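Working through the structure, step by step
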Amino acid sequence: MNAIEIRYATETDAGLIADMSRHTFLTTFGPQNSQADIDTYMNVQFTREALMAEVGAAGNIFLLACIGDVPAGYVRLKENSFEGGLKAVKPIEIARFYAMPAMIGKGIGKAMMQYCIEMAELLQFDVIWLGVWERNVRAIDFYTAFGFKKFGEHGFLVGNDLQNDYLMSRNL
């Protein structure tokens, strides 16, 4: 297998990032939500156009992971993103963190998380944090293995279903 390469995504990657975002969200959360809520989320809150506009926007950093020429995952980071209960001076949020379904179990997540942490340290952020659906035990376990600890909770709207996310952080 080829090595995992991680690079900064640019505006030329916006369509790819948007398509990956929608595919991974639908694959990951579609089976656990009603079709109506997923349809509303995808067609109102998570449109391809809105996702494309995020790439290159101020305060966003997108990372793209590939194995050879095959897109394997991506991360969206938000600089100086604060959340109630977060103890930080200069935080960075992992706003999205997805591996393509066919790539899960191939080290993509581990490589992306290590890259995120190292990059955040180099850019002198003091805390890296994220929100994760309380029912996504696999992701919670993954983040815990990287030293993230729960510091709070907040709501996350999927269609008309207000769900609960755990907020997790790691000091840098």
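Check the entry above for the structure.
To keep things clear, this report deals only with the structure shown in the data block.

What counts as what
Residues numbered from 1 in each chain as written. Predicted model: local features only at pLDDT ≥ 70, side-chain atom pairs only at ≥ 80, totals over all residues. Heavy atoms only, no water. Pairing = 2+ DSSP bridges. Helix = DSSP H or I, 4+ residues; strand = E, 2+ residues; numbered from the N terminus. Salt bridge = Lys/Arg side-chain N within 4 Å of Asp/Glu carboxyl O. Buried < 20%, exposed > 50% of the residue type's maximum accessible area, 1.4 Å probe, protein only. Expected span 1.5 Å × (residues − 1). Phe/Tyr/Trp six-rings, centres within 6.5 Å; stacked < 30°, edge-to-face > 60°. Lys NZ or Arg CZ within 6 Å of the ring centre and 35° of its normal. Lys, Arg positive; Asp, Glu negative; His and termini not counted. Polar contact = N/O pair within 3.5 Å; in protein donor to acceptor, adjacent residues only side chain to side chain. Contact = heavy atoms within 4.5 Å. Core = buried A, V, L, I, M, F, W, Y, C linked by side-chain atoms within 4.5 Å.

Two strands pair when backbone bridges link them, and strand β6 (residues 149-158) and strand β7 (residues 161-171) are joined in this way by nine bridges, in the antiparallel orientation. Bridging from a neighbouring strand, Val158 pairs with Asp161 of β7. From the end of β6 to the start of β7, which pair antiparallel, there are two residues, and Gly159 there has a positive phi angle of about 65°.

Another aspect to go through is the pattern of salt bridges. Evaluation of the coordinates by the stated rule reveals six salt bridges. For Arg48, the salt bridge is made with Asp19, and the minimal N-O distance between the two is 2.6 Å. You can see Arg48 sitting in helix α3 (residues 48-54) and its partner Asp19 sitting in helix α1 (residues 14-29), a full 29 residues away along the chain. With relative accessibility at 32%, the residue Arg48 sits in the partly exposed group. A salt bridge links Lys78 to Glu93; its shortest N-O distance comes to 3.9 Å. Highlighted residues: Lys78 in strand β3 (residues 70-79) and Glu93 in strand β4 (residues 91-99), separated in sequence by 15 residues. One connected set of salt bridges, linked through shared partners, spans Glu54, Arg76 and Arg96.

Let us look at helix α4 (residues 108-122). Helix length check: α4, at 15 residues, gives a terminal C-alpha distance of 21 Å against a target of 21 Å (1.5 Å per residue), a fit within 8%. Looking at α4, one finds that the buried residues are Ile108, Gly109, Ala111, Met112, Met113, Cys116, Ile117, Met119 and Ala120. Just beyond α4, the residue with positive phi is Gln124, at close to 65°.

Moving on, we come to the packing of aromatic side chains. Evaluation of the coordinates by the stated rule reveals 14 aromatic pairs. Ring geometry for Phe25 and Phe29: centres 4.9 Å apart, planes at 50°, overall tilted. Of this pair, Phe25 and Phe29 both sit in helix α1, four residues apart, roughly one helical turn. The pair formed by Phe25 and Phe29 is uniform in burial state, with each residue classed as buried. Given the relative accessible area of 4%, Phe25 is considered buried. Against the face of Tyr166 rests Lys150, its NZ or CZ located 4.0 Å from the ring centre.

Looking now at the side chain of Asp165. You can see Asp165 is positioned in strand β7. The buried charged residue Asp165 lacks any salt bridge, with Arg135 as its nearest oppositely charged partner at 10 Å. Within the structure, the side chain of Asp165 is placed 3.4 Å from the backbone nitrogen of Trp133, a separation counted as a polar contact. Sequence-distant contacts of Asp165, that is, excluding residues within four places in its chain, are made with Gly131, Val132, Trp133, Glu134, Gly152, Glu153, His154 and Phe156.

Judged by nonpolar contacts, the single largest core of 52 residues is most densely connected at Phe25, Leu77, Ile94, Tyr143 and Phe148. Elements that contribute at least two residues to this core include exactly α1, α2 (35-45), β2 (60-67), β3, β4, α4, β5 (127-133) and α5 (137-145). With eight residues, the single largest contributor to this core is α4. Excluding its chain neighbours within four sequence positions, the residues that come into contact with Leu77 are Gly59, Asn60, Ile61, Leu63, Ile92, Glu93, Ile94, Cys116 and Met119.

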